[in-house]
Amino acid sequence: MSPERRLPYAAAISTTDVARSGLRLGYPTVLGDEVWWEEDRPAEAGRRTVVHRAADGRRRELISSPWDARSRVHEYGGRSYVVVPGHGIAFANYADQRLYLTDGGVPRALTGEGPDRYGDLLWHDGAIYCVRERHHDDGKVVRSIVSVTLDGSVTEVTGGSDFYASPAVSPDGEHLAYICWNHPRLPWTGTELRITRLEDGNSWTVKGGMSESVLAPQWKDNRHLYLVSDWSGWWNLYQIGIFGTSSQALYPAEEEFAWPLWELGGLPYLVLGDGRLAVLHGRGDLRLGILDPETGELNDLDVPYQGWRPGLSSSGTTLVGVGYGPDIPRSVVRVDTVTGRVEGLRRDITELPDISCLPQPVAVEIEGSFGRLVHAYLYPPYGYPSSEPSQSSGSSEPSQSSGSSQSSQSSGSSGSSQSSGSSESSESSGSSGSSGADGPAPYVVFVHGGPTGQAITELSLEKAFFTTRGIGVLDVNYGGSTGYGRSYRERLRGQWGIVDVEDTVAAAHWLAAEGHADPRRIAIRGASAGGWTVMAACAASDAFRGGVSIAGVSALAPLVAATHDFESRYIDWLVGPESLYASREPLSHASEVNCPMLLMQGLADLVVPPTQSESFANALTDRGIPCTYLSFEGEGHGFRRLETKTAALAAELAFYEQLFRQDHTD
C-alpha cells in the first residue's frame, strides 16, 4: 500500500471535519409524534441547545445564543432540560445555573439568583422534581431533591444525604423514589434506593448499601419498582416492592444493564405502554432489547445500531434513544417496538467520508500482568489487514469507537522540540505510516478517562483521522473500566497508577508481539485520568516512544485540594492514604520519563486545574526532555470550541508524524 494510495483517504477527513462532528447528541425525549434532544454547537464555543422535532418533521432550536443548556450539578451535569407540556421546556442555563422556561422565545426565569444548581429534571403533575445543589460561601455543598412550580416556588422534598439522583414519582403521586449516597462512596461503589412519602416526608431505604450500586429506579405500578443493582457482580434488572420485600431478578446474566452514574438523567431502560421493558444490555457496548418482565424473555431488536448510550425515552410503545453503528454516527433514533420500524432523526456527523476508509474495530482480549485479562478494541490503519489476532476474542458486532479528543483556541508552549502543528499540517496525507502493508504499522494506544469509564465502539472520525494516515489505534479498557462487571471495575481499587499502567504497557507489548505494530513506533494518549496513565506509563516503561496527555492528573495532593465535591473522596478509593501519593503520582516519577511528550490543557478547567499539566511539563523541560505544553483560554475539562478541537488535533498529528518519522529512521 503506497503513500499515494493513502493520500485521498487522508485528505477525506480533515481536522475541521473531526471538530465539527462533536454535536454530542443526547438525552432525547418523546411525547406522541414529537421529539426533543440536546445538541452541541462547536462553532458557537460549544454552546448546548435543545432541538425540537415537530410531528411534521420540522426541526427548530428552542434555545438560541447566548443561552446554554448545561447543568453543573456534580460538575459533570447530564440531562439539562425537561419537556413541560403546553409550555415548552424548562432548562438549566450554564452561566447562572438557574432554571428557565421557554417555548422557543426569550426564556423566563423560574428560580432566583443565588448559589443553587439544578439537574436531573423530571416533570410530574404541575411541578419539576430535580436535584438541587447549593454551594455555600465556606465551600460546603448541600444537595436535596426539590420541586419547582411554574410560578417559581421551590420546595425541598427530601434531604440529608450527600448526593441524590434519579427522582421518580409514583403514578398516583404519593411516593418519590430516588437514589442517594454519602461520602466516601461513589455511585458505582455503593448507593441506596429510598422512598419518600410526599404527604408527610417520611422516608425509608428499599435496597442498596455500602457495597451495592443501585441505579435507575422506575415505577412498575403504585407499589412496585424496577431497578438496576450490581449485588450479583453485574448491573442487572430487578423488581421490588416499596417496603423492601424480596427483590426479583428479571433476567440474571453476566452482562451490564447500565453505565456508571457520571452524568445525571440518563435512563438505561424504560417501561413501555404495554408493560414490557426496553433495555440496554451487554458487555462493552450495550444492545437494545425488549424484556418481558412476566416471562423473563429478552429479545434484541433488529436495528442497524449496534450500540446505544443510556438515555432512553418512551411514549406508548414508541421509544427514542441514541444509537451508533460501524458506519453510522451517534444518532437520535426513534423505534416502534410493535412494528419494528426504525427511523434516524439526527446524526452527530451529517456527511461521512467514504465508508471504506473507516476502521472496523476488532474486540481483543490481552493477557496482562499475572495473567489478568485486558479488554481492548483494535483499529488497524488503512491498508493493513484487520484479521482476527491469535489472542483475540474476535469481533462482537464490529463498530466504531469513541475517542476523547480535546482541543484548543489559544495556545502557549512551555518546552520545546515537538511542533504544535497547524490545521494545514493535518490535511496532509502524513508520512507517519510505514511504506506499506508489508511491515508493522505505527500505533497509538488510547487510554480513556474516568478512570471508571470505558472505551466503546462508537464511530469516531478522530480515530479514522489517524487510521487513514497510516496510524493504528488500540483502545484499551484497562482493569477498572466499566462494561465488564463489578470485579473488573474493582481491580483498580487502591491500585490506580499500577493496574492501569500495567495493562496499557501489556497492550503495547501485545501489539508488537502479534505483529500489528512496529515496537519502535508505539505512542500513548489519554485525557483526564487517561492523561495520568499516559504520564505514569511513560515513566514506568520504555514501551512507548512518546505520549500525549490532555488535562492529565500529575499530582494527587493538589488535585485533592482543588477537586469538586463529587470526586473529593475518589482518590481514597483509587489510591488510599496520602502516604501513598508520592509512590503513585506521575510528577514524582517525571525524572524517569525519557520520551517526548505533548501536553494540552484548558485554562478554565475546574476538574483538573492547569497546574497539573504545567508542573509535569516544567519537570520534563528542566531535564531537557522534549515536551510541548499547549494551553487554551476559555476551555474547561473537555474541549468544546471548534477552533480548539481543530488546533489540538493538528498538534497531535504533527507530534506523531515527527515522533514516528524520527524513530523509524533510528
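Above this text is the structure in question.
Keep in mind that what you see is a predicted model, and the values were worked out from it rather than measured.

Peer 1: How should the overall build of the protein chain be read in this particular structure?
Peer 2: Within the protein chain one finds eleven helices and 37 strands. A burial count over the protein chain gives 61% of its 666 residues as buried. The contacts in the protein chain between residues at least 6 apart in sequence include a share of 60% that link residues at least 24 apart. Working note: accessible area of the protein chain is about 23,000 Å², and carbon and sulfur atoms make up 46% of it.

Peer 1: What am I meant to see in the environment of Thr-337 here?
Peer 2: Structurally, Thr-337 is set in the loop between strand E27 (331-336) and strand E28 (342-347). For the pair Thr-337 and Leu-301, spaced 36 residues apart in the sequence, the C-alpha separation amounts to 8.1 Å. Not counting the four nearest positions on each side in its chain, Thr-337 is found in contact with Leu-272, Arg-276, Ile-290, Thr-317 and Leu-319. At 3.5 Å, the side chain of Thr-337 forms a polar contact with the side chain of Arg-276. A polar contact of 2.6 Å, which involves the side chain of Thr-337, links it to the backbone oxygen of Thr-317.

Peer 1: Would you take a moment to explain the pattern of salt bridges for this structure?
Peer 2: When their charged atoms lie close together, side chains carrying opposite charge are able to pair. A complete count under the given rule lists 46 salt bridges for this structure. Across the pair Asp-172 and Arg-223 runs a salt bridge, and its minimum N-O distance is 3.7 Å. In this pair, Asp-172 is assigned in the loop between strand E13 (163-169) and strand E14 (175-181) and Arg-223 in the loop between strand E17 (214-221) and strand E18 (224-229), connecting sequence segments 51 residues apart. Take Asp-172: its relative accessible area is 31%, and that puts it in the partly exposed class. Residue Glu-255 pairs with Arg-287 through a salt bridge whose shortest N-O separation is 3.4 Å.

Peer 1: Help me understand the sheet that holds strand E6 (residues 88-92) in this model?
Peer 2: The four strands lie next to each other as E5-E6-E7-E8, forming an open sheet whose pairing is antiparallel. At either margin of the open sheet sits one strand with a lone partner, and together these are strand E5 (81-84) and strand E8 (108-109). In terms of strand pairing, E6 meets strand E7 (residues 99-102) through four bridges, oriented antiparallel. If you follow Phe-91 over to E7, its bridge partner there is Tyr-100.

Peer 1: I keep staring at the pairing of E5 and nothing clicks. Help me out?
Peer 2: Each regular strand displays side chains that alternate between the two surfaces of the sheet. Every second residue of E5 is oriented toward a common face, with Tyr-81 and Val-83 on one face and Val-82 and Val-84 on the other, all of them buried. In this structure, E5 lies alongside E6, joined through four bridges in antiparallel fashion. Paired with Val-82 across the strands is Ala-90, a residue of E6. Hairpin remark: E5 followed by E6, antiparallel, with three residues in the connecting loop; positive phi at Gly-86, about 85°.

Peer 1: Explain the packing of aromatic side chains here, please?
Peer 2: Aromatic ring pairs: the centre-centre distance and the angle between the two ring planes describe each pair. This model, assessed by the stated rule, comprises 25 aromatic pairs. When the centroid spacing of 5.3 Å and the interplanar angle of 10° are considered together, the rings of Trp-204 and Phe-243 count as stacked. One end of the pair, Trp-204, is in strand E16 (residues 203-208); the other, Phe-243, is in the loop between strand E19 (236-241) and strand E20 (248-249), with 39 residues separating them in the sequence. Overall, Trp-204 belongs to the buried group, its relative accessible area being 14%. Ring geometry for Phe-446 and Phe-466: centres 6.5 Å apart, planes at 75°, overall edge-to-face. You can see Phe-446 sitting in strand E32 (residues 441-447) and its partner Phe-466 sitting in helix H3 (residues 461-467), a full 20 residues away along the chain. Judged by relative accessible area, which is 1%, Phe-466 ranks as buried.

Peer 1: Is there a simple way to explain the environment of Ala-536 in this structure?
Peer 2: Among the secondary structure elements, Ala-536 is positioned in helix H6 (residues 529-540). You can call Ala-536 buried: its relative accessible area is 8%. Each C-alpha atom of the pair Ala-536 and Val-553 lies 9.8 Å from the other, and the pair is 17 residues apart in sequence. Contacts of Ala-536, omitting those with residues within four sequence positions, involve Val-501 and Pro-586.

Peer 1: Whenever I open this one, helix H10 (residues 611-623) confuses me. Can you help?
Peer 2: What sets the pattern is the α-helix's 3.6 residues per turn: residues three or four places apart point alike. Across its 13 residues, H10 extends 18 Å between first and last C-alpha, which sits within 8% of the 18 Å expected from 1.5 Å per residue. Those residues of H10 that sit buried are Gln-612, Ser-613, Phe-616, Ala-617 and Leu-620. The arc enclosing the buried residues of H10, seen along the axis, measures out at 120°, which places them on a common side. Positive phi shows up at Gly-624, right after H10, with a value of about 85°.

Peer 1: What's the story with the sheet that holds strand E10 (residues 127-135) in this structure? I'm lost.
Peer 2: Strand pairs in the sheet, formed through backbone hydrogen bonds, run parallel or antiparallel to each other. Strands sit in the order E9-E10-E11-E12 across an open sheet of four strands; the sheet is antiparallel. The two strands at the open ends of the sheet, each matched to only one other strand, are strand E9 (116-124) and strand E12 (154-159). Averaged over all adjacent pairs, the angle separating strand axes in this sheet is 30°, with direction ignored. Of the pairings in the sheet, the one linking strand E11 (residues 141-149) to E12 comprises five bridges and is antiparallel in character. Residue pairing for E12: Ser-144 is matched across the bridge by Gly-159.

The rules behind these values
- Residues numbered from 1 in each chain as written.
- Predicted model: local features only at pLDDT ≥ 70, side-chain atom pairs only at ≥ 80, totals over all residues.
- Heavy atoms only, no water.
- Helix = DSSP H or I, 4+ residues; strand = E, 2+ residues; numbered from the N terminus.
- Buried < 20%, exposed > 50% of the residue type's maximum accessible area, 1.4 Å probe, protein only.
- Contact = heavy atoms within 4.5 Å.
- Areas by Shrake-Rupley, 256 points an atom, 1.4 Å probe, with all protein chains shown as cover.
- Polar contact = N/O pair within 3.5 Å; in protein donor to acceptor, adjacent residues only side chain to side chain.
- Salt bridge = Lys/Arg side-chain N within 4 Å of Asp/Glu carboxyl O.
- Pairing = 2+ DSSP bridges.
- Phe/Tyr/Trp six-rings, centres within 6.5 Å; stacked < 30°, edge-to-face > 60°.
- Expected span 1.5 Å × (residues − 1).
- Arc of directions from axis to C-beta.
- Axes fitted to C-alpha atoms, helices over the stretch in contact; angles between N-to-C directions.

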